[in-house]
Structures are given as structure tokens and as C-alpha cells.
Amino acid sequence: MKPTVTKVIGTAAGVTLLAPGIALAVPPEAPDAGVPDVAWTQVEASSQTVESTVSVPRVQGEFSYNQTTLTPNSRIAQVFQKAANALCQASCEMTVTAPEDWAISVSGDVENAYTATLGQLAAEDEQTTIMGCACAGNTAGGAAVINAEVTGVPMATIIERAQPKAGVNTVTLVSEDGYRMSLPLDYVMARRALVVSEINGEGLSSSVGGTNQLWIDAAAAKYFTRNVVAIELTAQEVAPDTPGTEDAPDDQYVNRPNAGITKAAS
């Protein structure tokens, strides 16, 4: 199985989402003054054609959000491990071991090729932060979006230690099963990107599976490569597409950025 198990979530065509026709703030002192009906349009994601329109008169209410709510590991496992395995009819046989003993080689067009364990890299620089993870094909209100507290080694630290040569524009992550994922170097360096070994304070086996996984801000979960054993830094004639700009299937990137709803009341 490919290391990015979330790749298979949302591949079904014809998902439906709701798109608001009007966004409106209503002054509390005059809730009925000049409030038009709000049209919510049902859209077929695969074709972007309007199916029907429902008008809701004088919509009022309060909306709030935060980015600190964490998704339990049991839920992450359901969404990004068990469901994916069932959809692709594959078992998750990725190695689970002590992260501090896991070795990653860094090579390519660099001045200082090296191999180091995650434990050695973490001793130099380790970070814990809250990050989001969402499937590229997740629909509005869909389940394939999570928030988690992740701990790992910044990709910037790993890359800078290797001292890339002038002209390097591509980062390729190689998983233990030979799967390869390439990203633009400037994209990786401009974002928070971690080789994660803990999710919500636990090893990855309790959530996404495996021993380590790339997490990167603003990228869909299909780029979150697991069990990375090698990182190659190379100068390519053409750098890889920036995530979200490539020629993706119709059912991907229909709802980006993504959000999950934890509570609603009427």
C-alpha cells in the first residue's frame, strides 16, 4: 500500500456540497432590517452544475471557530487508516518501531550527504505544534479532515544540514516500500513541514499507522508520506507542480481550504 493512505479517501465521483450564495452579518439591534433571503445552492462537485436552489428567509445566528480542537487518535485511525484500508482493499504493513532508531538518508545535489536517526535529528531540533490534515477530495462537512498535535523534526532542519547546492529545486521523499513523492523545494521551505513521530502524544501506530510521516501546512493529505527512509535533494529541469495546482481529478480540491464541524445548534 502507498504510504499516503489518505490518498484513497474521497475518490468516489459525484460528491455533493453546499455553497452559500450570500454571506451576511446581521446587526443585533435590527435583525429584520434589510435582511434578504439567503440562497444555498446544491452543486454537483464532479460537474459543478447546479442541481437545485433552496431559499431560507432571514438567516441569523452566530458563527465561531478555533484551530485548537484536537481529533482523538481513535477517530484519526478510523478516517485515515481503517477506512482507507477498506477502500483500497490493502493491509497496512508499514513498520512500527522506535522512532529514535529510525534512520533517514539525505542525498542528491548536496555538499553534505548524510544518514541520521530521527533521535539524532530530534536532538538538534524537534518541534510540537497543532496542524491540520485534510483529504484532497473531502466534501463540505466531510469527515476526512482532522486537527492534531504533532511532534517531529522540521524538514528545514533536515534540508539545511545537507547544504543543498545552487539550483536545487526538488525534494523527493522515499518511503520504505519504494513509494516516491516529489515536492518543490521552495514550497517545503516556505511552510511548516515536519517528519512527525508522535500524534497527540502517541506513536503513529495508534492513529495513521507506521513510524513516521511528513506533515506539511496547506498540502492535501495525499502528500503526507509515511515511513520515510530517504530524502533526495535534486536540481531538476522542471520542478514538481505545487500541491493544489496540478491537473487533479474532478473530485479533488473542490473544497479547499477545508474545515470540520464539531458542534452545531439550531
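Quick summary incoming for the structure in this document. (Residues numbered from 1 in each chain as written. Predicted model: local features only at pLDDT ≥ 70, side-chain atom pairs only at ≥ 80, totals over all residues. Heavy atoms only, no water.)

## Regarding the overall build of the chain
Turning to step 1, where the next piece is worked out: If you tally the helices and strands in the chain, you get four helices and 13 strands.
Turning to step 2, where the next piece is worked out: Burial status across the chain gives 42% buried among its 266 residues.
Turning to step 3, where the next piece is worked out: When contacts within the chain are restricted to residue pairs at least 6 apart in sequence, those whose partners lie at least 24 apart make up 68%.
Turning to step 4, where the next piece is worked out: Per element, the accessible surface of the chain, about 13,700 Å² overall, is 49% carbon and sulfur. (Helix = DSSP H or I, 4+ residues; strand = E, 2+ residues; numbered from the N terminus. Buried < 20%, exposed > 50% of the residue type's maximum accessible area, 1.4 Å probe, protein only. Contact = heavy atoms within 4.5 Å. Areas by Shrake-Rupley, 256 points an atom, 1.4 Å probe, with all protein chains shown as cover.)

## Some points on the sheet that holds strand β13 (residues 228-234)
Turning to step 1, where the next piece is worked out: The strand order across the open sheet built from five strands is β5-β4-β13-β8-β9, with neighbouring strands paired in mixed fashion. The sheet is open, and its two borders are formed by β5 (114-117) and β9 (180-184), each paired with just one other strand. Averaged over all adjacent pairs, the angle separating strand axes in this sheet is 20°, with direction ignored.
Turning to step 2, where the next piece is worked out: Sheet analysis places strand β4 (residues 103-108) next to β13, joined by four bridges and oriented parallel. Counted as the bridge partner of S107 is E232 from β13. (Pairing = 2+ DSSP bridges. Axes fitted to C-alpha atoms, helices over the stretch in contact; angles between N-to-C directions.)

## As for the packing of aromatic side chains
Turning to step 1, where the next piece is worked out: Evaluated as defined, the whole model comprises one aromatic pair.
Turning to step 2, where the next piece is worked out: Their ring planes at 45° and their centres at 5.3 Å tell us that W215 and F224 sit as a pair that is tilted. Residue W215 shares its accessibility class with F224, and that shared class is buried.
Turning to step 3, where the next piece is worked out: We note R161 situated over the ring of Y114; from NZ or CZ to the ring centre the distance is 4.4 Å. (Phe/Tyr/Trp six-rings, centres within 6.5 Å; stacked < 30°, edge-to-face > 60°. Lys NZ or Arg CZ within 6 Å of the ring centre and 35° of its normal.)

## Topic: the nonpolar core
Turning to step 1, where the next piece is worked out: One finds M155 and W215 to be the most contacted residues of the largest nonpolar core, which totals 51 residues.
Turning to step 2, where the next piece is worked out: In terms of residue count, strand β10 (residues 193-199) provides more of this core than any other element does, five residues in total.
Turning to step 3, where the next piece is worked out: In contact with M155, other than residues within four places in its own chain, are V171, L173, V188, A193, L194, V195, L214 and I231. (Core = buried A, V, L, I, M, F, W, Y, C linked by side-chain atoms within 4.5 Å.)

## Some points on the pattern of salt bridges
Turning to step 1, where the next piece is worked out: If you walk through the whole model with that rule in mind, you get three salt bridges.
Turning to step 2, where the next piece is worked out: Across the pair E232 and R180 runs a salt bridge whose closest N-O atoms are separated by 2.6 Å. With a gap of 52 residues between them, E232 in strand β13 and R180 in strand β9 connect regions that are remote in the sequence. (Salt bridge = Lys/Arg side-chain N within 4 Å of Asp/Glu carboxyl O.)

## Describing the environment of M131
Turning to step 1, where the next piece is worked out: With respect to the element layout, M131 can be found in strand β6 (residues 127-134).
Turning to step 2, where the next piece is worked out: According to the relative accessible area criterion, M131 is buried, its value standing at 1%.
Turning to step 3, where the next piece is worked out: Placed 15 residues apart in sequence, M131 and I146 show a C-alpha to C-alpha distance of 8.5 Å.
Turning to step 4, where the next piece is worked out: Non-local contacts of M131, meaning those with residues more than four positions away in its chain, are made with I146, N147, A148, V150, R192, L194, W215, I216 and D217.

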